[in-house]
Amino acid sequence: MITVKDTVHDHIEIDGVAAALLDTPAVQRLRHVKQLGTVQLVYPSANHTRFEHSLGVYHLASRALDHLGIEGRRADRIEAAAMLHDVGHGPFSHNLESLTHRRTGKYHDDVDELLATGAVGDVLRDHDLNPERIAGLVAGEGPYGGLVSGELDVDRMDYLVRDAYHTGVPYGTIDTERFVRELTFVDVGTGENELVLDEGNVQTAESLLLARALMNPVVYTHHVARISKAMLRRAASDLLDATQTTAAGLRRMDDHDFLAAIRSCRETTELSRRYDERDLYKLAVWAEHDDVPERVHEADRDAETALEREIAEEAGVARQHVILDVPPEPSMRESTARVTVNGEVRRLERQSPLVSALRTAQRNQWRLGVYAPRPATDRVGRAAADVLGLDPDGLVAEVRGAMPTTLDEFRDGA
């Protein structure tokens with residue numbers, strides 16, 4: 001057994017297949033992939049990695065298995081999946097995933113090949129575990145996959161408290177011990193057991209939603225983090241176009257590999273210098289959801305690239321000095337989690353009035369961004385408003401450092 005001192009969960013005891021997986025190259029690589037990508041440019045202490053997060057997910061999964069009475073081979077599979085759930089992440093975690101997915105068709109949880117080959121595959125087979133079944137659990141397949149990747153998974157339980165701890169913000173606090181203690185499996189009428197929260201835990205589920213809603217604008221979608229992520233995505237795209245680096249190869253890089261690659265590529269040296277020196281692009285446009293035309297919301301990447309070129313041409317700047325950042329439509333996967341109320345299993349969104357309020361808040365927090373170097377922001381902003389069909393009076397004139405939506409506004413908007 002291996003005992004690790006963790007900042008969030010205190011001592012984590014690791015044994016069995018998880019201990020054997022710990023020192024495989026695929027898992028150790030996660031020491032060099034930051035959990036929050038570029039958020040460290042906002043919160044300097046947010047330097048925690050996917051490696052320590054993976055230990056936390058394993059720990060919570062083990063606690064949940066103890067509570068649920070799951071033992072033997074099934075427990076080994078789930079613990080292996082918990083330890084391996086992030087090995088498919090590329091550099092800077094989710095930041096480059098949309099780019100690599102467009103070119104490879106794979107997301108970070110598509111790990112069949114990674115788990116079937118190399119040291120990880122050897123360890124799994126040595127413990128009589130089928131790599132394909134473990135990969136299925138990582139992707140959230142089946143009722144037990146929901147424990148690793150689902151609406152009530154131990155992944156988000158760990159990252160919320162860990163991200164809050166390392167950024168120092170007070171919003172991500174949830175009672176992980178209660179969560180794992182109140183999980184149970186029930187038959188919801190589909191013939192298969194499904195992971196739900198036991199009777200009397202509507203508020204426990206709501207706490208997860210609220211923590212995520214409060215962390216979102218001040219950490220995950222902070223405008224500086226958004227700008228720096230977009231700059232690295234542009235650099236990654238230019239790197240793939242200008243060199244022999246493939247998207248598949250990019251997925252296997254760590255943060256250091258990627259930064260070294262864009263520093264040494266002529267087409268990306270300026271963006272890499274700006275990132276290294278925190279000389280970031282600035283906001284030219286920061287527009288709310290309802291002020292953005294539907295055609296822009298629905299634009300694919302090719303359409304966005306065409307819009308960037310049009311904005312740059314109208315503003316009289318080089319195309320590389322315009323970045324259009326259109327986030328996905330707001331979603332709240334956790335709201336479909338199931339909770340037991342008066343002996344009946346119900347979806348949280350049906351039971352909790354808070355879900356509607358948080359959906360309103362989430363929509364209110366959504367922003368379209370257009371970024372440009374500081375000297376060009378006014379010209380680019382005017383050109384973007386014209387090209388995108390934005391009402392200049394509807395643009396956000398100020399980015400506040402705190403929550404852009406208060407709890408009173410949650411209630412008013414519900």
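Quick notes on the rules
Residues numbered from 1 in each chain as written. Predicted model: local features only at pLDDT ≥ 70, side-chain atom pairs only at ≥ 80, totals over all residues. Heavy atoms only, no water. Helix = DSSP H or I, 4+ residues; strand = E, 2+ residues; numbered from the N terminus. Rg over C-alpha atoms; globule rule 2.2 N^0.38 Å. Buried < 20%, exposed > 50% of the residue type's maximum accessible area, 1.4 Å probe, protein only. Areas by Shrake-Rupley, 256 points an atom, 1.4 Å probe, with all protein chains shown as cover. Expected span 1.5 Å × (residues − 1). Contact = heavy atoms within 4.5 Å. Pairing = 2+ DSSP bridges. Axes fitted to C-alpha atoms, helices over the stretch in contact; angles between N-to-C directions. Core = buried A, V, L, I, M, F, W, Y, C linked by side-chain atoms within 4.5 Å. Salt bridge = Lys/Arg side-chain N within 4 Å of Asp/Glu carboxyl O. Phe/Tyr/Trp six-rings, centres within 6.5 Å; stacked < 30°, edge-to-face > 60°. Lys NZ or Arg CZ within 6 Å of the ring centre and 35° of its normal. Patch = residues over 30% accessible without salt bridge, like charges linked within 9 Å, V, L, I, M, F, W, Y side chains within 5 Å. Lys, Arg positive; Asp, Glu negative; His and termini not counted. Charge placed at Lys NZ, Arg CZ, Asp CG, Glu CD. Parallel < 35°, antiparallel > 145°, perpendicular 65-115°, else oblique. Left-handed = near helix turned anticlockwise from the far one by under 90°. Nonpolar A, V, L, I, M, F, W, Y, C, P; charged D, E, K, R; others polar.

Further remarks concern the overall build of the protein chain. The secondary structure content of the protein chain amounts to 22 helices and nine strands. Compactness check: the protein chain gives a C-alpha radius of gyration of 22 Å against a globular reference of 22 Å for 414 residues, within 12% of the reference. For the C-alpha atoms alone, the extent of the protein chain along its principal axes is close to 65 × 50 × 35 Å. For the protein chain, the proportion of its 414 residues judged to be buried stands at 54%. Looking at the protein chain as shown, the accessible area adds up to about 18100 Å², and 44% of this sits on carbon and sulfur atoms.

A word on helix α21 (residues 377-388). Taking 1.5 Å of rise per residue, the 12 residues of α21 would be expected to cover 16 Å, and the 16 Å separating its terminal C-alpha atoms lies within 8% of that figure. Thr377, Val380, Gly381, Ala383, Ala384, Ala385, Val387 and Leu388 are the residues of α21 that are buried. Of the surrounding secondary structure, the elements contacted by the buried residues of α21 are β5 (282-288), α17 (294-297), α18 (301-315), β6 (323-325) and β9 (367-372). Phi turns positive one or two residues past the end of α21, at Gly389, with a value near 75°.

It is worth spelling out the environment of Leu115 at this point. With respect to the helices and strands, Leu115 occurs in helix α6 (residues 112-116). Relative accessible area serves as the criterion here: at 1%, Leu115 is assigned to the buried category. As for Leu115 and Gly88, which are separated by 27 residues in sequence, their C-alpha atoms are 9.5 Å apart. Those residues in contact with Leu115 that sit more than four places away from it in its chain are Leu84, Val87, Val120, Gly121, Leu124, Pro131, Ile134 and Ala135.

Looking at the secondary structure, you find Arg338 in strand β7 (residues 338-341). With relative accessibility at 18%, the residue Arg338 sits in the buried group.

Here we come to the sheet that holds β5. Here we have three strands laid out as an open sheet, ordered β5-β9-β6, and antiparallel in their pairing. Because the sheet does not close on itself, it has two edges, and the strands there are β5 and β6. Strand-to-strand twist of the sheet, defined as the mean angle between neighbouring strand axes without regard to direction, takes the value 15°. Strand direction decides the pairing type here: β6 and β9, joined by three bridges, are antiparallel. From the neighbouring strand, Ile323 faces β9, where its bridge partner is Tyr371.

As a further point, take the nonpolar core. Formed by 75 residues in total, the largest nonpolar core has its most connected members in Ile14, Leu21, Leu84, Leu115, Leu124 and Val219. The dominant element in this core, judged by the number of residues it contributes, is helix α12 (residues 202-220), at 10 residues. By size, the runner-up hydrophobic cluster in this structure holds 28 residues, among which are Met231, Leu250, Leu259 and Leu271.

The subject of this paragraph is the pattern of salt bridges. Side chains bearing opposite charge may pair, as long as their charged atoms lie close to each other. Throughout the structure, instances matching the rule amount to 29 salt bridges. Lys5 is paired through a salt bridge with Asp10; the nearest N and O atoms lie 2.9 Å apart. Using a relative accessible area of 57% as the deciding quantity, one classes Lys5 as exposed. Assessed through its relative accessible area of 40%, Asp10 is described here as partly exposed. Linking Asp241 and Arg103 is a salt bridge whose minimum nitrogen-to-oxygen distance equals 3.2 Å. Of this pair, Asp241 sits in helix α13 (residues 223-242) while Arg103 sits in helix α5 (residues 97-104); the two residues are 138 residues apart in sequence, bridging distant segments of the chain.

Let us look at the packing of aromatic side chains. Under the defined criterion, the tally for this structure stands at four aromatic pairs. Between the aromatic rings of Phe92 and Tyr275, the centroid separation amounts to 5.9 Å while the plane-to-plane angle is 85°, which identifies the pairing as edge-to-face. You can see Phe92 sitting in the loop between α4 (72-84) and α5 and its partner Tyr275 sitting in helix α16 (residues 269-276), a full 183 residues away along the chain. On the basis of relative accessible area, Phe92 is assigned to the buried category, the value being 1%. Tyr275 gets classed as buried once you look at its relative accessible area, which sits at 6%. Judged by centre distance (4.9 Å) and plane angle (55°), the rings of Tyr144 and Phe185 are tilted. Of the two residues, Tyr144 sits in helix α9 (residues 142-148) while Phe185 sits in strand β3 (residues 183-187), which places them 41 residues apart along the sequence. Judged by relative accessible area, Tyr144 falls into the partly exposed class, the value being 22%. Residue Phe185 is classed as buried on the basis of its relative accessible area of 18%. Three or more aromatic residues joined by ring pairs make a cluster, and in this case those are Phe92, Phe258 and Tyr275. Taking the ring centre of Phe51 as reference, the NZ or CZ of Arg31 above it sits at 4.0 Å.

A word on a negative patch on the surface. A contiguous patch of negative charge, built from Asp112, Glu113, Glu132 and Glu141, is present on the exposed surface. Given a relative accessible area of 45%, Asp112 falls into the partly exposed group.

Let us look at the packing of α13 against helix α15 (residues 255-264). Packed helices, taken two at a time, are described by their axes: the angle between them and the distance between them. Closest axis-to-axis distance for the α13/α15 pair is 10 Å, and the angle between their directions is 65°. On the basis of their axis angle, the class for α13 and α15 is roughly perpendicular. You can see that α13 and α15 cross each other, and the crossing is left-handed. Here α13 contributes Leu232, Ala235, Ala236 and Leu239 to the contact with α15, which in turn contributes Phe258, Ala261 and Ile262. Of the residues that constitute the contact of α13 with α15, the class distribution is seven nonpolar, no polar and no charged.

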